[in-house]
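# Examination of the molecular architecture
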Amino acid sequence: MESLTNAEARRMALRAQGLDRPRREAPVTLRQVTGVVDRLNLLQIDSVNVLARAHLVPLYSRLGPYDTGLLDRAAGKAPRRLVETWAHVASYVPASTYPLLAWRRRAYEREAWGSISAVPQAHPAELGLVRALVAEQGPVTASRIHDELERTGRTAPRSRLEWGWNWTTAKRCLEYLFFTGEVMSARRNGAFERCYDLPERVLPPAVRDAPDVPDDEALRRLLELGARAHGIGTARCFRDYFRLRGPGAQRALADLVDAGVLVPVAVDGWAEPTYRHHAAVVPRHATGSALLSPFDPLVWERRRLEALFDVYYRIEIYVPAARRRLGYYVLPFLQGDELTAMVDLKADRGAGVLRVVAAHRTPHAGASTPEALAAELRLLASWLGLAEVDVARVGDLAPDLAAVVRGAAAHGARTVAG
(Lines give C-alpha, C1' and ligand atoms only; values in the text may rest on other atoms or scores of the structure.)
Protein backbone atom coordinates (compact mmCIF):
# COMPACT_ATOMS: atom_id res chain seq x y z
CA MET A 1 0.00 0.00 0.00
CA GLU A 2 1.21 3.48 -0.84
CA SER A 3 2.05 5.73 2.09
CA LEU A 4 1.63 9.50 2.17
CA THR A 5 2.40 12.14 4.74
CA ASN A 6 -0.45 14.39 5.71
CA ALA A 7 1.29 17.27 3.90
CA GLU A 8 1.42 15.22 0.71
CA ALA A 9 -2.25 14.31 1.03
CA ARG A 10 -3.07 17.98 1.56
CA ARG A 11 -1.20 19.07 -1.58
CA MET A 12 -2.85 16.26 -3.55
CA ALA A 13 -6.28 17.52 -2.46
CA LEU A 14 -5.40 21.10 -3.37
CA ARG A 15 -4.19 20.07 -6.84
CA ALA A 16 -7.39 18.09 -7.46
CA GLN A 17 -9.43 21.17 -6.55
CA GLY A 18 -7.34 23.57 -8.62
CA LEU A 19 -6.20 25.52 -5.57
CA ASP A 20 -2.48 24.74 -5.48
CA ARG A 21 -1.30 27.51 -7.81
CA PRO A 22 -1.63 31.30 -7.92
CA ARG A 23 -4.49 32.54 -10.05
CA ARG A 24 -3.82 34.00 -13.46
CA GLU A 25 -4.15 37.76 -13.84
CA ALA A 26 -5.48 37.63 -17.41
CA PRO A 27 -9.19 38.22 -18.10
CA VAL A 28 -11.30 35.15 -17.36
CA THR A 29 -13.04 33.48 -20.30
CA LEU A 30 -16.15 31.32 -20.55
CA ARG A 31 -13.93 28.33 -21.28
CA GLN A 32 -12.11 28.85 -17.99
CA VAL A 33 -15.38 29.12 -16.06
CA THR A 34 -16.74 25.88 -17.50
CA GLY A 35 -13.31 24.29 -17.06
CA VAL A 36 -13.47 24.90 -13.31
CA VAL A 37 -16.96 23.42 -13.12
CA ASP A 38 -15.77 20.41 -15.10
CA ARG A 39 -12.99 19.96 -12.53
CA LEU A 40 -15.27 20.40 -9.51
CA ASN A 41 -18.23 18.61 -11.16
CA LEU A 42 -20.76 20.88 -9.45
CA LEU A 43 -21.38 24.24 -7.84
CA GLN A 44 -23.64 24.24 -4.79
CA ILE A 45 -26.52 26.73 -4.93
CA ASP A 46 -27.69 28.46 -1.77
CA SER A 47 -29.89 31.49 -1.17
CA VAL A 48 -27.60 33.08 1.45
CA ASN A 49 -26.27 36.33 0.02
CA VAL A 50 -24.35 37.82 2.94
CA LEU A 51 -21.22 38.08 0.81
CA ALA A 52 -22.09 36.70 -2.64
CA ARG A 53 -24.25 33.87 -3.94
CA ALA A 54 -22.78 30.52 -2.91
CA HIS A 55 -22.17 29.25 -6.45
CA LEU A 56 -20.21 32.35 -7.44
CA VAL A 57 -17.42 32.23 -4.85
CA PRO A 58 -15.75 28.87 -5.70
CA LEU A 59 -15.11 30.22 -9.20
CA TYR A 60 -13.65 33.42 -7.76
CA SER A 61 -11.43 31.39 -5.40
CA ARG A 62 -9.87 29.58 -8.38
CA LEU A 63 -10.01 32.23 -11.12
CA GLY A 64 -9.88 35.54 -9.30
CA PRO A 65 -12.15 38.43 -10.33
CA TYR A 66 -14.42 37.35 -13.18
CA ASP A 67 -17.58 38.47 -14.88
CA THR A 68 -20.42 36.54 -13.21
CA GLY A 69 -22.40 37.00 -16.41
CA LEU A 70 -20.25 34.21 -17.85
CA LEU A 71 -21.87 31.76 -15.45
CA ASP A 72 -25.32 33.12 -16.28
CA ARG A 73 -24.53 32.56 -19.95
CA ALA A 74 -23.28 29.00 -19.39
CA ALA A 75 -26.42 28.06 -17.42
CA GLY A 76 -29.05 30.27 -19.01
CA LYS A 77 -28.49 30.30 -22.76
CA ALA A 78 -28.52 27.53 -25.33
CA PRO A 79 -26.57 25.40 -25.76
CA ARG A 80 -26.33 25.22 -21.98
CA ARG A 81 -23.02 23.95 -20.64
CA LEU A 82 -24.40 23.85 -17.09
CA VAL A 83 -27.82 22.87 -15.76
CA GLU A 84 -29.47 22.85 -12.36
CA THR A 85 -30.42 19.63 -10.59
CA TRP A 86 -30.20 17.90 -7.21
CA ALA A 87 -26.60 16.69 -6.93
CA HIS A 88 -24.76 17.45 -3.66
CA VAL A 89 -27.84 19.52 -2.92
CA ALA A 90 -29.36 21.96 -5.41
CA SER A 91 -26.41 22.50 -7.74
CA TYR A 92 -25.16 23.52 -11.14
CA VAL A 93 -23.61 20.53 -12.89
CA PRO A 94 -22.11 20.07 -16.36
CA ALA A 95 -24.93 19.18 -18.75
CA SER A 96 -23.20 15.84 -19.42
CA THR A 97 -23.63 14.90 -15.73
CA TYR A 98 -27.40 15.36 -15.76
CA PRO A 99 -28.19 11.86 -17.14
CA LEU A 100 -26.11 10.26 -14.37
CA LEU A 101 -28.60 11.55 -11.80
CA ALA A 102 -31.72 10.13 -13.44
CA TRP A 103 -31.87 7.35 -10.82
CA ARG A 104 -32.35 10.00 -8.11
CA ARG A 105 -35.13 11.66 -10.05
CA ARG A 106 -36.88 8.31 -10.42
CA ALA A 107 -36.39 7.51 -6.72
CA TYR A 108 -37.98 10.76 -5.51
CA GLU A 109 -40.08 8.98 -2.88
CA ARG A 110 -36.88 7.95 -1.11
CA GLU A 111 -34.55 10.79 -2.11
CA ALA A 112 -36.74 13.90 -1.75
CA TRP A 113 -37.92 15.39 1.52
CA GLY A 114 -41.46 14.68 2.69
CA SER A 115 -43.31 17.84 1.64
CA ILE A 116 -42.02 17.39 -1.91
CA SER A 117 -42.34 13.63 -2.33
CA ALA A 118 -45.94 13.84 -1.05
CA VAL A 119 -47.07 16.36 -3.67
CA PRO A 120 -48.76 13.85 -6.07
CA GLN A 121 -50.99 12.65 -3.23
CA ALA A 122 -51.47 16.03 -1.51
CA HIS A 123 -52.06 18.25 -4.57
CA PRO A 124 -52.95 16.11 -7.60
CA ALA A 125 -55.22 18.65 -9.27
CA GLU A 126 -52.84 21.58 -8.81
CA LEU A 127 -49.93 19.46 -10.03
CA GLY A 128 -51.67 18.86 -13.33
CA LEU A 129 -52.42 22.55 -13.71
CA VAL A 130 -48.83 23.51 -12.97
CA ARG A 131 -47.57 21.03 -15.58
CA ALA A 132 -49.87 22.58 -18.16
CA LEU A 133 -48.90 26.16 -17.27
CA VAL A 134 -45.17 25.45 -17.58
CA ALA A 135 -45.73 23.78 -20.95
CA GLU A 136 -47.79 26.74 -22.13
CA GLN A 137 -45.91 29.68 -20.61
CA GLY A 138 -42.37 28.51 -19.79
CA PRO A 139 -39.85 29.77 -18.89
CA VAL A 140 -41.95 30.91 -15.93
CA THR A 141 -41.32 31.65 -12.25
CA ALA A 142 -43.05 30.07 -9.27
CA SER A 143 -44.54 33.43 -8.30
CA ARG A 144 -46.11 33.75 -11.75
CA ILE A 145 -47.53 30.22 -11.53
CA HIS A 146 -48.96 30.98 -8.08
CA ASP A 147 -50.58 34.16 -9.38
CA GLU A 148 -52.19 32.21 -12.21
CA LEU A 149 -53.59 29.60 -9.81
CA GLU A 150 -54.80 32.27 -7.40
CA ARG A 151 -56.42 34.29 -10.20
CA THR A 152 -58.48 31.30 -11.28
CA GLY A 153 -59.36 30.31 -7.71
CA ARG A 154 -57.33 27.09 -7.86
CA THR A 155 -55.26 27.90 -4.76
CA ALA A 156 -55.52 29.97 -1.60
CA PRO A 157 -54.06 33.49 -1.59
CA ARG A 158 -50.47 33.72 -0.46
CA SER A 159 -50.11 34.15 3.29
CA ARG A 160 -48.11 37.20 4.28
CA LEU A 161 -46.98 35.33 7.40
CA GLU A 162 -44.95 32.86 5.35
CA TRP A 163 -41.33 33.39 4.39
CA GLY A 164 -41.68 34.71 0.85
CA TRP A 165 -43.74 32.25 -1.18
CA ASN A 166 -41.59 29.16 -0.62
CA TRP A 167 -44.46 27.18 0.86
CA THR A 168 -47.22 27.94 -1.61
CA THR A 169 -48.85 25.01 -3.36
CA ALA A 170 -47.49 26.23 -6.69
CA LYS A 171 -43.94 26.24 -5.36
CA ARG A 172 -44.30 22.74 -3.89
CA CYS A 173 -45.63 21.41 -7.17
CA LEU A 174 -42.81 23.03 -9.11
CA GLU A 175 -40.19 21.70 -6.69
CA TYR A 176 -41.62 18.21 -7.10
CA LEU A 177 -41.51 18.53 -10.89
CA PHE A 178 -37.98 19.94 -10.69
CA PHE A 179 -36.77 17.14 -8.43
CA THR A 180 -38.22 14.47 -10.72
CA GLY A 181 -36.92 16.15 -13.87
CA GLU A 182 -40.31 16.88 -15.41
CA VAL A 183 -39.33 20.55 -15.49
CA MET A 184 -35.95 22.26 -15.35
CA SER A 185 -34.55 25.69 -14.66
CA ALA A 186 -34.00 27.52 -17.94
CA ARG A 187 -32.28 30.39 -16.14
CA ARG A 188 -32.43 32.55 -12.99
CA ASN A 189 -33.98 36.01 -13.12
CA GLY A 190 -32.68 39.16 -11.44
CA ALA A 191 -34.31 38.16 -8.14
CA PHE A 192 -32.58 34.76 -8.38
CA GLU A 193 -35.89 32.98 -8.97
CA ARG A 194 -35.82 29.88 -11.14
CA CYS A 195 -37.53 30.24 -14.51
CA TYR A 196 -39.03 26.80 -15.08
CA ASP A 197 -39.42 25.17 -18.47
CA LEU A 198 -39.69 21.75 -20.07
CA PRO A 199 -36.50 19.65 -20.34
CA GLU A 200 -36.77 19.46 -24.13
CA ARG A 201 -36.48 23.26 -24.22
CA VAL A 202 -33.54 23.38 -21.78
CA LEU A 203 -31.21 20.42 -22.33
CA PRO A 204 -28.73 20.39 -25.22
CA PRO A 205 -29.92 17.92 -27.87
CA ALA A 206 -26.98 15.55 -27.32
CA VAL A 207 -27.88 15.26 -23.63
CA ARG A 208 -31.62 15.16 -24.18
CA ASP A 209 -31.33 12.33 -26.71
CA ALA A 210 -28.64 10.31 -24.90
CA PRO A 211 -29.54 6.71 -23.95
CA ASP A 212 -30.42 5.95 -20.34
CA VAL A 213 -27.51 5.13 -18.05
CA PRO A 214 -28.02 1.96 -15.93
CA ASP A 215 -28.18 2.78 -12.22
CA ASP A 216 -25.07 0.80 -11.26
CA GLU A 217 -23.02 2.49 -13.98
CA ALA A 218 -24.34 5.91 -12.99
CA LEU A 219 -23.35 5.35 -9.34
CA ARG A 220 -19.86 4.24 -10.36
CA ARG A 221 -19.38 7.26 -12.56
CA LEU A 222 -20.68 9.68 -9.93
CA LEU A 223 -18.49 8.16 -7.23
CA GLU A 224 -15.50 8.39 -9.58
CA LEU A 225 -16.28 12.05 -10.29
CA GLY A 226 -16.38 12.75 -6.55
CA ALA A 227 -13.09 10.92 -6.04
CA ARG A 228 -11.45 12.77 -8.92
CA ALA A 229 -12.59 16.14 -7.52
CA HIS A 230 -11.31 15.25 -4.04
CA GLY A 231 -8.09 13.61 -5.21
CA ILE A 232 -7.82 11.74 -1.93
CA GLY A 233 -10.27 10.81 0.80
CA THR A 234 -12.33 8.13 2.48
CA ALA A 235 -15.35 6.34 1.06
CA ARG A 236 -17.51 8.70 3.11
CA CYS A 237 -15.88 11.72 1.44
CA PHE A 238 -16.41 10.37 -2.06
CA ARG A 239 -20.02 9.34 -1.40
CA ASP A 240 -20.86 12.72 0.12
CA TYR A 241 -19.89 14.58 -3.06
CA PHE A 242 -23.10 13.53 -4.81
CA ARG A 243 -24.85 12.36 -1.61
CA LEU A 244 -24.70 8.68 -2.56
CA ARG A 245 -25.78 6.06 -0.06
CA GLY A 246 -26.86 2.46 0.35
CA PRO A 247 -25.60 -0.85 -1.03
CA GLY A 248 -25.31 0.53 -4.58
CA ALA A 249 -22.71 3.07 -3.47
CA GLN A 250 -20.78 0.37 -1.61
CA ARG A 251 -20.74 -1.83 -4.72
CA ALA A 252 -19.58 1.12 -6.80
CA LEU A 253 -16.65 1.71 -4.44
CA ALA A 254 -15.61 -1.96 -4.58
CA ASP A 255 -15.86 -1.95 -8.39
CA LEU A 256 -13.68 1.17 -8.67
CA VAL A 257 -11.06 -0.33 -6.36
CA ASP A 258 -11.05 -3.59 -8.33
CA ALA A 259 -10.65 -1.65 -11.56
CA GLY A 260 -7.71 0.36 -10.18
CA VAL A 261 -9.58 3.67 -10.49
CA LEU A 262 -9.32 4.10 -6.70
CA VAL A 263 -6.01 3.15 -5.11
CA PRO A 264 -5.82 2.33 -1.37
CA VAL A 265 -3.30 4.53 0.44
CA ALA A 266 -2.13 5.01 4.02
CA VAL A 267 -1.97 8.59 5.27
CA ASP A 268 -0.17 9.50 8.48
CA GLY A 269 -2.73 9.99 11.24
CA TRP A 270 -5.76 8.81 9.25
CA ALA A 271 -7.54 5.86 10.82
CA GLU A 272 -10.24 5.20 8.20
CA PRO A 273 -9.47 3.33 4.95
CA THR A 274 -8.32 5.95 2.47
CA TYR A 275 -8.11 6.03 -1.31
CA ARG A 276 -6.67 8.28 -3.96
CA HIS A 277 -7.97 8.71 -7.47
CA HIS A 278 -5.58 6.94 -9.83
CA ALA A 279 -4.88 10.19 -11.72
CA ALA A 280 -4.24 12.28 -8.59
CA VAL A 281 -0.74 13.65 -8.16
CA VAL A 282 1.24 15.29 -5.37
CA PRO A 283 2.65 18.66 -6.45
CA ARG A 284 6.01 19.57 -4.94
CA HIS A 285 4.64 22.85 -3.65
CA ALA A 286 1.28 24.55 -3.15
CA THR A 287 1.60 28.30 -3.57
CA GLY A 288 -1.93 29.56 -4.16
CA SER A 289 -4.00 31.72 -1.84
CA ALA A 290 -7.75 32.16 -1.69
CA LEU A 291 -10.72 32.82 0.54
CA LEU A 292 -13.01 29.77 0.47
CA SER A 293 -16.79 29.94 0.64
CA PRO A 294 -18.54 27.86 3.34
CA PHE A 295 -20.04 26.05 0.33
CA ASP A 296 -16.72 25.34 -1.40
CA PRO A 297 -16.19 21.64 -2.23
CA LEU A 298 -12.86 21.66 -0.39
CA VAL A 299 -14.56 22.42 2.92
CA TRP A 300 -17.87 20.49 2.63
CA GLU A 301 -16.75 17.43 4.57
CA ARG A 302 -15.66 18.98 7.87
CA ARG A 303 -13.98 15.84 9.24
CA ARG A 304 -11.86 15.55 6.11
CA LEU A 305 -10.98 19.23 6.35
CA GLU A 306 -9.88 18.80 9.96
CA ALA A 307 -7.80 15.73 9.09
CA LEU A 308 -6.10 17.47 6.15
CA PHE A 309 -5.55 20.94 7.60
CA ASP A 310 -5.73 20.46 11.38
CA VAL A 311 -8.32 23.23 11.83
CA TYR A 312 -11.76 23.54 13.37
CA TYR A 313 -14.37 24.94 10.97
CA ARG A 314 -18.15 25.10 11.00
CA ILE A 315 -20.73 27.27 9.30
CA GLU A 316 -22.59 28.99 12.13
CA ILE A 317 -25.44 30.74 10.36
CA TYR A 318 -27.97 28.74 12.37
CA VAL A 319 -26.06 28.91 15.66
CA PRO A 320 -27.31 31.52 18.18
CA ALA A 321 -24.94 34.49 18.20
CA ALA A 322 -23.83 33.94 21.80
CA ARG A 323 -22.67 30.40 20.97
CA ARG A 324 -20.73 31.13 17.79
CA ARG A 325 -17.00 30.40 17.95
CA LEU A 326 -15.97 31.99 14.65
CA GLY A 327 -18.85 34.09 13.35
CA TYR A 328 -21.95 34.14 11.16
CA TYR A 329 -20.55 33.73 7.61
CA VAL A 330 -16.97 32.60 7.98
CA LEU A 331 -14.53 31.93 5.15
CA PRO A 332 -11.30 29.99 5.67
CA PHE A 333 -8.22 31.66 4.20
CA LEU A 334 -5.94 29.34 2.23
CA GLN A 335 -2.32 30.46 2.24
CA GLY A 336 -0.03 28.06 0.40
CA ASP A 337 -0.92 24.63 1.71
CA GLU A 338 -2.32 25.78 5.06
CA LEU A 339 -5.54 27.34 6.28
CA THR A 340 -4.16 30.25 8.29
CA ALA A 341 -7.22 32.36 9.15
CA MET A 342 -10.98 32.33 9.56
CA VAL A 343 -12.75 35.58 8.65
CA ASP A 344 -16.39 36.50 9.15
CA LEU A 345 -17.31 38.67 6.15
CA LYS A 346 -20.26 40.75 5.07
CA ALA A 347 -20.77 42.78 1.90
CA ASP A 348 -22.37 46.06 2.99
CA ARG A 349 -23.58 47.04 -0.45
CA GLY A 350 -25.39 50.16 0.69
CA ALA A 351 -22.22 51.62 2.19
CA GLY A 352 -19.90 50.14 -0.43
CA VAL A 353 -17.84 48.38 2.25
CA LEU A 354 -16.54 44.84 2.72
CA ARG A 355 -16.89 44.37 6.46
CA VAL A 356 -14.55 42.01 8.30
CA VAL A 357 -16.82 41.28 11.24
CA ALA A 358 -14.20 39.06 12.91
CA ALA A 359 -10.77 37.67 12.04
CA HIS A 360 -9.25 34.65 13.80
CA ARG A 361 -5.85 33.01 13.48
CA THR A 362 -5.52 29.28 13.09
CA PRO A 363 -2.54 27.45 14.60
CA HIS A 364 -0.90 27.70 11.16
CA ALA A 365 -0.93 31.50 10.84
CA GLY A 366 2.44 33.11 10.37
CA ALA A 367 3.98 36.55 10.24
CA SER A 368 2.92 36.96 6.61
CA THR A 369 -0.73 36.10 7.20
CA PRO A 370 -2.11 39.62 7.95
CA GLU A 371 -0.56 41.11 4.83
CA ALA A 372 -1.54 38.20 2.60
CA LEU A 373 -5.10 38.25 3.91
CA ALA A 374 -5.38 42.02 3.53
CA ALA A 375 -4.36 41.73 -0.12
CA GLU A 376 -6.96 39.03 -0.68
CA LEU A 377 -9.65 41.12 0.99
CA ARG A 378 -8.85 44.11 -1.22
CA LEU A 379 -9.13 41.91 -4.31
CA LEU A 380 -12.41 40.43 -3.12
CA ALA A 381 -13.84 43.88 -2.36
CA SER A 382 -12.92 45.06 -5.83
CA TRP A 383 -14.64 42.05 -7.43
CA LEU A 384 -17.78 42.70 -5.39
CA GLY A 385 -17.81 46.36 -6.42
CA LEU A 386 -17.06 47.57 -2.89
CA ALA A 387 -14.76 50.56 -2.43
CA GLU A 388 -13.47 49.88 1.07
CA VAL A 389 -12.50 47.17 3.55
CA ASP A 390 -13.40 47.76 7.19
CA VAL A 391 -11.90 45.54 9.92
CA ALA A 392 -13.73 45.27 13.25
CA ARG A 393 -11.60 44.56 16.31
CA VAL A 394 -13.00 41.07 16.93
CA GLY A 395 -10.76 38.01 16.96
CA ASP A 396 -7.08 37.51 17.70
CA LEU A 397 -6.02 38.30 14.12
CA ALA A 398 -8.06 41.50 13.88
CA PRO A 399 -5.56 43.97 15.42
CA ASP A 400 -2.71 42.96 13.08
CA LEU A 401 -5.04 42.79 10.08
CA ALA A 402 -6.45 46.23 10.92
CA ALA A 403 -2.94 47.66 11.14
CA VAL A 404 -2.07 46.36 7.67
CA VAL A 405 -5.33 47.69 6.26
CA ARG A 406 -4.70 51.06 7.92
CA GLY A 407 -1.24 51.16 6.40
CA ALA A 408 -2.63 50.44 2.96
CA ALA A 409 -5.16 53.25 3.46
CA ALA A 410 -2.36 55.63 4.38
CA HIS A 411 -0.73 54.81 1.05
CA GLY A 412 -3.85 55.59 -0.92
CA ALA A 413 -5.71 52.25 -1.00
CA ARG A 414 -9.46 52.55 -0.50
CA THR A 415 -9.54 50.68 2.81
CA VAL A 416 -10.22 51.59 6.43
CA ALA A 417 -9.72 49.85 9.75
CA GLY A 418 -12.42 50.06 12.38
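These notes cover the structure that comes with them. By convention here, each chain's residues receive numbers from 1 onward along its written sequence. Only residues with pLDDT of at least 70 are given local features in this predicted model, and only at 80 or more are side-chain atom pairs given and counted; all residues enter the totals for whole chains, interfaces and linings. Derived side-chain values reflect all non-hydrogen atoms in the structure, with water molecules and hydrogen atoms excluded from consideration.

### Describing the overall build of the chain
Helices and strands together make up the secondary structure of the chain, namely 18 helices and 15 strands. The quantity called the radius of gyration is restricted to C-alpha atoms. Its globule counterpart is 2.2 Å times the number of residues to the power 0.38. Relative to the 2.2 N^0.38 estimate, which gives 22 Å for 418 residues, the radius of gyration of the chain is 23 Å and therefore close to what a compact globule would have. In terms of principal-axis extent, the alpha carbons of the chain reach across some 65 × 55 × 40 Å. Only protein chains enter the accessibility calculation, which uses a 1.4 Å probe. A residue is then buried if its area is under 20% of the maximum for its type, exposed if over 50%, and partly exposed in between. A burial count over the chain gives 56% of its 418 residues as buried. Every helix listed is a DSSP run of H or I at least four residues long, and every strand listed is a run of E at least two residues long, numbered separately from the N terminus.

### Points about the pattern of salt bridges
Salt bridges are counted wherever a side-chain nitrogen of Lys or Arg sits within 4 Å of a carboxyl oxygen of Asp or Glu. Summed over the entire model, instances satisfying the criterion amount to 30 salt bridges. Close ionic contact of Arg208 with Asp209 constitutes a salt bridge, the shortest N to O distance being 3.3 Å. Here Arg208 falls in the partly exposed class, since its relative accessible area comes to 37%. You can call Asp209 exposed: its relative accessible area is 55%. Close ionic contact of Arg243 with Asp240 constitutes a salt bridge, the shortest N to O distance being 3.1 Å.

### As for the sheet that holds strand β9 (residues 274-277)
Across the sheet, which stays open at both edges, the four strands sit in the order β1-β8-β9-β7 with mixed pairing between neighbours. Since the sheet does not close on itself, it has two edges, and those belong to β1 (2-4) and β7 (232-234), each with one partner. Across the sheet, the mean angle separating the axes of adjacent strands is 45 degrees when strand polarity is ignored. Pairing geometry for β1 and strand β8 (residues 262-267), over three bridges, is parallel. Looking at the pairing, Leu4 lines up with Val267 of β8. Strands in contact with helix α13 (residues 215-230) are β7, β8 and β9; relative to β9, the strand with the most contacts, it is inclined by about 90 degrees. Strand pairing is assigned whenever DSSP detects at least two bridges linking the two strands. Lines are fitted to the C-alpha atoms to define the axes, a helix being fitted only along its stretch in contact, and any angle between axes, read from their N-to-C directions, falls within 0 to 180 degrees. Contacts are residue-level and defined by heavy atoms, with any inter-residue pair within 4.5 Å sufficient.

### A word on the sheet that holds strand β2 (residues 43-44)
Spatially, β2-β4-β3 is the arrangement adopted by the three strands of the open sheet, whose pairing is antiparallel. What marks the edges here is a single partner per strand, and that holds for β2 and β3 (82-86). Inspection of the sheet shows β3 paired to strand β4 (residues 90-94) by five bridges, in the antiparallel sense. Looking across to β4, one finds that Val83 is bridged to Val93.

### A word on the environment of Ser293
Tracing the backbone shows Ser293 in the loop between β10 (289-291) and α16 (302-309). Residue Ser293 is classed as buried on the basis of its relative accessible area, which comes to 0%. Separated by 266 residues in the primary sequence, Ser293 and Pro27 have C-alpha atoms spaced 22 Å apart. Among all residues touching Ser293, those that are not within four sequence positions of it are Ala54, Val57, Pro58, Val299, Tyr329 and Leu331.

### A short note on the pairing of β8
Where β8 and β9 come together, four bridges link them in antiparallel fashion. By the bridge assignment for β9, Val265 is matched with Thr274.

### Examining helix α1 (residues 6-16)
Counting buried residues along α1, eight of its 11 residues qualify, which places the element largely inside the surrounding structure. Among all positions in α1, only Asn6, Ala9, Arg10, Arg11, Met12, Ala13, Leu14 and Ala16 are buried.

### Points about unusual backbone geometry
Excluding glycine, residues mostly carry a negative phi; peptide bonds, for their part, are mostly trans. Of note, the amide linkage connecting Ala78 to Pro79 takes the cis form, showing an omega dihedral of -10 degrees. Along the chain, the position of Pro79 falls in the loop between α4 (69-76) and β3. A cis amide bond, omega 0 degrees, links Gly138 with the succeeding residue Pro139. Within the secondary structure, Pro139 sits in the loop between α9 (124-137) and α10 (142-151). In the Ramachandran plot, Phe192 falls in the positive-phi region, its phi being about 70 degrees despite a non-glycine side chain. Secondary-structure assignment places Phe192 in the loop between β5 (184-188) and β6 (194-197). Among the residues examined, Phe192 registers a relative accessible area of 14% and is labelled buried. In this model, Arg243 sits at a positive phi of 55 degrees, which is unusual for a non-glycine residue. When you line up the elements, Arg243 lands in the loop between α14 (235-241) and α15 (247-258). According to the relative accessible area criterion, Arg243 is partly exposed, its value standing at 36%.

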